[in-house]
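# Report on the structure
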Amino acid sequence: MSRRTTVRLGSFAAVAVALWFLPTLQGPIGFPIFYLLFGYTLLFWFAQASSWNMFTGYSGYFSFGQGAFFGVGVYTTGVLAAKRGWPLIAAIPVAGILAAALGLSLGFVVFRLRRLQGEIFALVTLAVAFVVAAIARVSSKIDGGSGIALNDVQLPDFLGTFPSMMFRLGLVIAVLTVFAAATIQHSRLGWGLFSINDDEAVAESLGVPTFRHKMMAFGMSAFFAGLSGAVHAIQISYITIEDVFSIRIPLFVIVMSVLGGMRHWMGPIVGATIIHTLTDRLNRASDLELFGGNVTVSLDHLNDIIIGLLLIVMVLAVKDGLWPRLVDRKWAAAGAFVVGILIARIWAPEMSPIGQFVAGELGAVAVLLPSSAVIDRWRSRGGPSETPDEPTSQPTVGATP
Amino acid sequence: MTRSSQSQFLRGLILLVAFAMIAAACGSSTSDTTAAASPGTTAAPSTPDTTAAPGTPDTTMATTAPSGEPIVIGSTLALTGFLAATAAIHKVAGDLFVEQLNANGGLLGRPVEWVVLDDESVPDQAAALYERLITEDEVDAIVGPYGTGTITAAMQVAERYGYVMPQHTGSLTYTYGYDCQFPAWPAGRNPNVTNSELVFDALESTGTPPKTMAFVINQFPGTMYVAYGQPDTDEGGAVSIAADRGYDVVLDIQYPSTTSDWGPIAAAVRDADPDFLFLGALGVDGPNLIAAMDALDYQVPGMFLQWPAPGPMLGVGDSADGAMSVTAFEPHTPFTDDPGYAAIAQAFSDAATAAGLPYTAFETQASASWAAWQILVAGIEGAGSLDQAADCDYLLNNTIDTVFGPIDFDPDQNNYYGDL
Amino acid sequence: MTLYGQAIISGVLAGGLYAMMSLGVSLSWGVLKIINLAYFSFILLAGYGSYELAANQGWDPFVTVLAVVPVFVIVGGLLQLFFEKVKIGEFESLLVTFGLLIMLESVARSIWSADFRRIPSTENPYASSSLRIGEFAFPTPQLSAFLTAIVIGLLMKYLLDRTYFGKAVRALAQDRDMARAFGVDHRRVAVLLSGLAAATAAIAGVFIAMSQALFPSLAVEWFGIVFPVVILGGLGSTLGALGAGVVIGVVAAIASVTWGPSYAPLATFVILIATLLFRPDGLFTRKASV
Amino acid sequence: MSLLQFDGIHKRFGGVAALGGVSGTLDEGEILGLVGPNGSGKSTLINILSGFAEPNEGRISFAGVDVTDTEAHHRFGAGIARTYQIPRPFSSMTVRHNVAVPLIFGKTKLHPSAATERAMHWLEFAGLASYADQPVSELNLHQLKYLELARALASEPRVLFLDEVLAGLNPTEIEESILMIRRIHDLGISLVIVEHVLRVVNALSTRIVALNQGLVIAEGAPTDVMADPEVVKAYLGSRWKHA
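If you're wondering where the values come from, they're calculated on a predicted model, not measured in any experiment.

Let us look at the overall build of chain B. Of regular secondary structure, chain B possesses 13 helices and twelve strands. Counting over 420 residues, chain B shows a buried share of 61%. A total accessible area of about 14,000 Å² is found for chain B, and carbon and sulfur atoms account for 53% of it.

Listed below in structure tokens is the structure:
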């Protein structure tokens, strides 16, 4: 193990251990228990977005299959833990293995056929999610349309109360997933995937075992999505095909990763944090009164509009996502974050900590994005030589010397 | 060169606009905590002729304006997502109830504020939001969401914190073991038995019961439960009850909720040509199938529609003749014999029209919603406090008056009553 | 046998509608290299437009086509103009139009609510009328949708095969740079084609409003029909889409009456996956592209 | 025994035969020139020998081992490398990282950090050291072609296929490139060069194979092949068609 790997392992372990005791501190510090579940949901999205990104973000193969892998995970818990009485802890690894098996068998067929590259691959994975849903729908052993209630599942009580348990389970899976994503990025596998992303044929002719690398990454991606789905089944508590296999999971992981940046393991984490905190707080906003109450704008449907808008803006204008820009301008972002929080405290003193965080986060994002756009523009006008499209896009492959 | 800098500028502009929007939205989301539904805005008495919300035990409070810190009641509703159509009814009903409650003296003499979050029709979201309502927003009481999945998820949270949870229409009766959950609609503990027996009894009471029967069932948990009984136990279920009763089941098919082409299903029904069609339907399935059968020049002599969601027979016209359904409340006699309820039905209809709902009658969904609020209020007023355990005790040990009549809750029946 | 006969008729007629719903996506993808999910929103919004005119203004549902279609020709053209402006690639187009779809669905929800909207039978006599031939019934909305699909398919085929515009389109489909080098005004052709494609989507929307209830999340549910049709028919192939629509319609109908309606989506996707694996250029293309 | 040997290579696209049974050998230390008019099958042959495409028929052996069914990345590891006519760098990576990839995955199998260091050696060889940490978009065509060479050499191949490395270059750059090819040959690497500039092929090659319409029409010493009437006819014929 190289020194860098040791350091990474150490820091992940330290973060994990520190967070592990967060639920214990809930009583003494006295923060609302909701924060544990809020934290769990955030960790859930970390795991989902990171697991999607460790294949799609690195290799460039656009997969809509996340819903299927997540769904396999959820239904493994449903069938094994709820219907057959397995303890949840035993069902979780099986869920990961089944999802990985689905990913690997799909990959085995699809990656063999060169003509299924590109957008056709995206559609095959979309179709697989539909097929998995259709099978679950006709099989009464799985669901058969009745749904599965999970209130009798045997939960791991040694992990504490329900919110503590969810938080800790989510933490373990998120840390494993993100650690895997970070490790892959800096490993041979990561180099292979990034070269596949740029030019698969050339990668193969320079010795990259492209088939094997795609299989490994897709399998792992599916594995972690399945693990995370298995835990999330408990949070859903009553699973139905329409909910589990909806477009929500693939949509959110795509938006989160695109927003944060797909070429670095931190990208999905940044994206998930922004999207989850923002949508959570927007939930409350029902009506926006402007001009002293003369104009009322209903915000009921704003969540989706913001998600859609973010996706469009990021894809068109900020192709590399926020992470590279954050690295570039961390002090400006940190400053804006603080200013955002201060403004929130003055404007709405009773605002909850999450609300303040969102305010700070929006400040940071607002500073990062347009300022970078202006800088891009300035650079492209000022420089004598042709500058590349994205001046900030320092190569991140295997990155960081 | 100019072109590219122009487009760069354009991109910058788009971004600024986008984030200005988000910032604006967020500002409101946070300031909303104070602005939402203060009694001043919701208490405007739009229906001054309504005397009191029936079921609010102490009607003498009517003339006293509520005062003091507002009591905050939290809930989620499927404001967006696939259940949003029906949840909109619950929103209108709840708003109206709170408005009337405040106009009639509030709760325990204090004004009531209702915080509604959007669970997007997604159970995990509902669970997280109830967690938030109870532990972060520290609401004084909760009301259930709409939709079986979200209700089931929310109930686990309520149980964890011992909150009383009146709920409108949860259909998986057998899974609800929590003593302080109070279903409002009279579905009964075993709709997988009682629902179809009610239908078959009604058919047999006509003197000319059908001989052949077709079952077309939406693959939705509630409809599946009624049609095929409890999963993994096969207890009850309309199909087997029909067979037991000697009906000839000539067709028994299930369709996915996403069905868009009703032609083949209509063809299958026409081919089976049953005397009676039992449609385990949701939403617009009924009208869609009826229209498709119509297009084949075919009508069933009689049919049963399980859960007509809002506007069920909307726009089908004469073809809906011969269709029957179960209902807990309809805006006509005998349900409206009580003048108070007649006024509510009218007020609801007005509010629903104002909110732009296409189907404005005060029927099952709206009345169940109303009853859930009545149960909550009865518990709090009866126990005279916001203590959840006391409220729960009161509800379990007293007869509660609702729009559906007096109810006694029995935990052995999972608090379900009635026989729909 | 009547059952299967009627099911097949129903499947064939539904296939016409499926083809019309898919034509826009197929042409845009095959020729313009833009996977435009916004067509799903066009279908939905056109349906709502037709609903508004028929239900609230008392128009004959068929006549609403005249008002609805021109709007979407313009919208489709403008959208393409925007794509040309930002020089969007195939993958980016998938994501951008996905975002657009989510936004438009949300807009539809705030205007018409998530509730079901259906043209009342008093304003829409066609929903329950049909043409009878012996035991078999041909429902009016589906039959007219099918006939319209055939007419549109043939017109498009003529337009693409026999006219200068069609030649330009084909040049574009085969080699963008070459077409540009030979003086084809790439942008104008693309905008015009996108407008036409949007028109077919709008017509499909009108027929959908005529025969069933509308609700906002329909747009996403159509994925399960349109993508199989597009892949089966072959990207950019007009008659292919027509053929594939009918195949999907019939397969779904037969699966539906044989094993039950819940098997219809399964059958559709098994066919889709088999096609992707064995004939990725579609069932109806003569030669494999190199 | 020859280093690389191929027998009866057939390749069809649709119904069209691109190669109609081509055989040949490459000996250790040779510079084999592969010539022929456009569409004669030169690139197809290189694609098949480097594992980029599969032949419909025929066998290939390398250093005495049958590699017909060996995947391209294994052939690269075994010592078969190639360059592309139009350079295909990994566009999101730096120049140095481009060269690190074959060091990680080729014969050397270096750890990524070691590979990034070692890459400098080959960048110096190719005269690109000063661009090491630039994005590849900073390079011009000539430099990109050198980057292709550096990538191919990084894994120390035994055979290198050079697919029109001189196309698109100006006369000075061509002279430089010829010197570069000789330096590569001096490393002990056998070369197969596909080239349009016949003067260069003549000057560099130890032996020439001429292809036309997927068949070998002449083979031997450069002067003999160039004088072969079949070859002259193939070239003139194709010239005329294009004129």
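All names here are of chain C. A contiguous nonpolar surface patch, about 340 Å² in accessible area, is contributed by V73, I74, L78 and L81. Within the element layout of this structure, I74 appears in helix α3 (residues 64-86). You can call I74 exposed: its relative accessible area is 54%.

For the rest of this paragraph, the subject is the confidence of the model for chain A. Any region with low pLDDT has predicted coordinates that should not be read closely. All names here are of chain A. Overall, the predicted model of chain A reaches an average pLDDT of 84, with 87% of residues at or above 70. Looking at the elements of chain A, mean pLDDT is at its lowest for strand β3 (residues 287-290), recorded as 51, and at its highest for helix α9 (residues 210-236), recorded as 96. Considering only residues more than four positions removed or in separate chains, one finds that residues 381-401, a stretch of pLDDT under 50, has 38 contacts.

All names here are of chain A. Taken as a whole and assessed by the stated rule, the structure comprises 50 aromatic pairs over all chains. On the basis of an interplanar angle of 65° and a centroid distance of 6.1 Å, the ring pair of F34 and Y35 is categorised as edge-to-face. Residues F34 and Y35 agree in their burial class; the two are buried. Ring geometry for F55 against F121: centres 6.1 Å apart, planes inclined by 55°, an arrangement best described as tilted.

Let us now look at the nonpolar core. Counting residues in hydrophobic clusters, the biggest one holds 285 residues, and the most contacted among them are F40 and W222 of chain C together with L160 of chain D. When residues of this core are assigned to their parent elements, the largest contribution, 17 residues, is made by helix α3 (residues 34-59) of chain A. Setting aside residues no more than four positions away along its own chain, W222 of chain C makes contact with M21, F40, I43, L44 and I208 of chain C. By size, the runner-up hydrophobic cluster in this structure holds 83 residues, among which are A158, A345, L376 and F409 of chain B.

Residue and element names in this part refer to chain D. Strand order across the open sheet formed by six strands is β6-β7-β8-β3-β9-β10, with mixed pairing between neighbours. Only two strands of the sheet have a single partner each, and these edge strands are β6 (80-82) and β10 (215-220). The mean angle between the axes of side-by-side strands here comes to 20°, regardless of whether they run parallel or antiparallel. In terms of strand pairing, strand β7 (residues 159-163) meets strand β8 (residues 190-194) through five bridges, oriented parallel. Bridging from a neighbouring strand, V159 pairs with S190 of β8. Here helix α6 (residues 171-186) sits on the sheet and contacts β3 (31-35), β7 and β8; the angle it forms with β8, its principal contact strand, is near 150°.

Now for the state of the cysteines. All names here are of chain B. For the structure on display, the rule yields one disulfide over all chains. Each sulfur in the disulfide pair C180 and C392 lies 1.9 Å from the other. Residues C180 and C392 are joined by a disulfide whose S-S torsion is about -95°; by sign, that bridge is left-handed. Residue C180 is found in the loop between β4 (165-167) and β5 (181-183), and its partner C392 is found in helix α13 (residues 388-397); the two are separated by 212 residues along the sequence. Assessed through its relative accessible area of 2%, C392 is described here as buried.

Let us now look at the interface of chain C and chain A. Each partner contributes residues to the interface: chain C has 36 residues there, and chain A has 35 residues. Taking both partners together, chain C and chain A bury about 3,300 Å²; carbon and sulfur atoms supply 86% of that area. On the surface where chain C and chain A come into contact, there are zero salt bridges. The interface formed by chain C and chain A holds zero residue pairs in polar contact (both at pLDDT 80 or more) in total. With 15 residues, helix α4 (residues 90-112) of chain C is the largest single contributor of residues to the side of chain C that touches chain A. Across the side of chain C that touches chain A, the residue classes tally to 28 nonpolar, five polar and three charged.

Residue and element names in this part refer to chain A. Relative to the helices and strands, W191 is located in helix α8 (residues 188-205). Under the relative-accessibility criterion, W191 is labelled buried at 2%. Between the C-alpha atoms of W191 and L88, which are 103 residues apart in sequence, the distance is 36 Å.

Rules and cut-offs
Residues numbered from 1 in each chain as written. Chains lettered and ligands numbered in written order. Predicted model: local features only at pLDDT ≥ 70, side-chain atom pairs only at ≥ 80, totals over all residues. Heavy atoms only, no water. Helix = DSSP H or I, 4+ residues; strand = E, 2+ residues; numbered from the N terminus. Buried < 20%, exposed > 50% of the residue type's maximum accessible area, 1.4 Å probe, protein only. Areas by Shrake-Rupley, 256 points an atom, 1.4 Å probe, with all protein chains shown as cover. Patch = residues over 30% accessible without salt bridge, like charges linked within 9 Å, V, L, I, M, F, W, Y side chains within 5 Å. Salt bridge = Lys/Arg side-chain N within 4 Å of Asp/Glu carboxyl O. pLDDT = per-residue confidence, 0-100. Contact = heavy atoms within 4.5 Å. Phe/Tyr/Trp six-rings, centres within 6.5 Å; stacked < 30°, edge-to-face > 60°. Core = buried A, V, L, I, M, F, W, Y, C linked by side-chain atoms within 4.5 Å. Pairing = 2+ DSSP bridges. Axes fitted to C-alpha atoms, helices over the stretch in contact; angles between N-to-C directions. Disulfide = S-S within 2.5 Å. Buried area = accessible area lost by both parts, 1.4 Å probe. Polar contact = N/O pair within 3.5 Å; in protein donor to acceptor, adjacent residues only side chain to side chain. Nonpolar A, V, L, I, M, F, W, Y, C, P; charged D, E, K, R; others polar.

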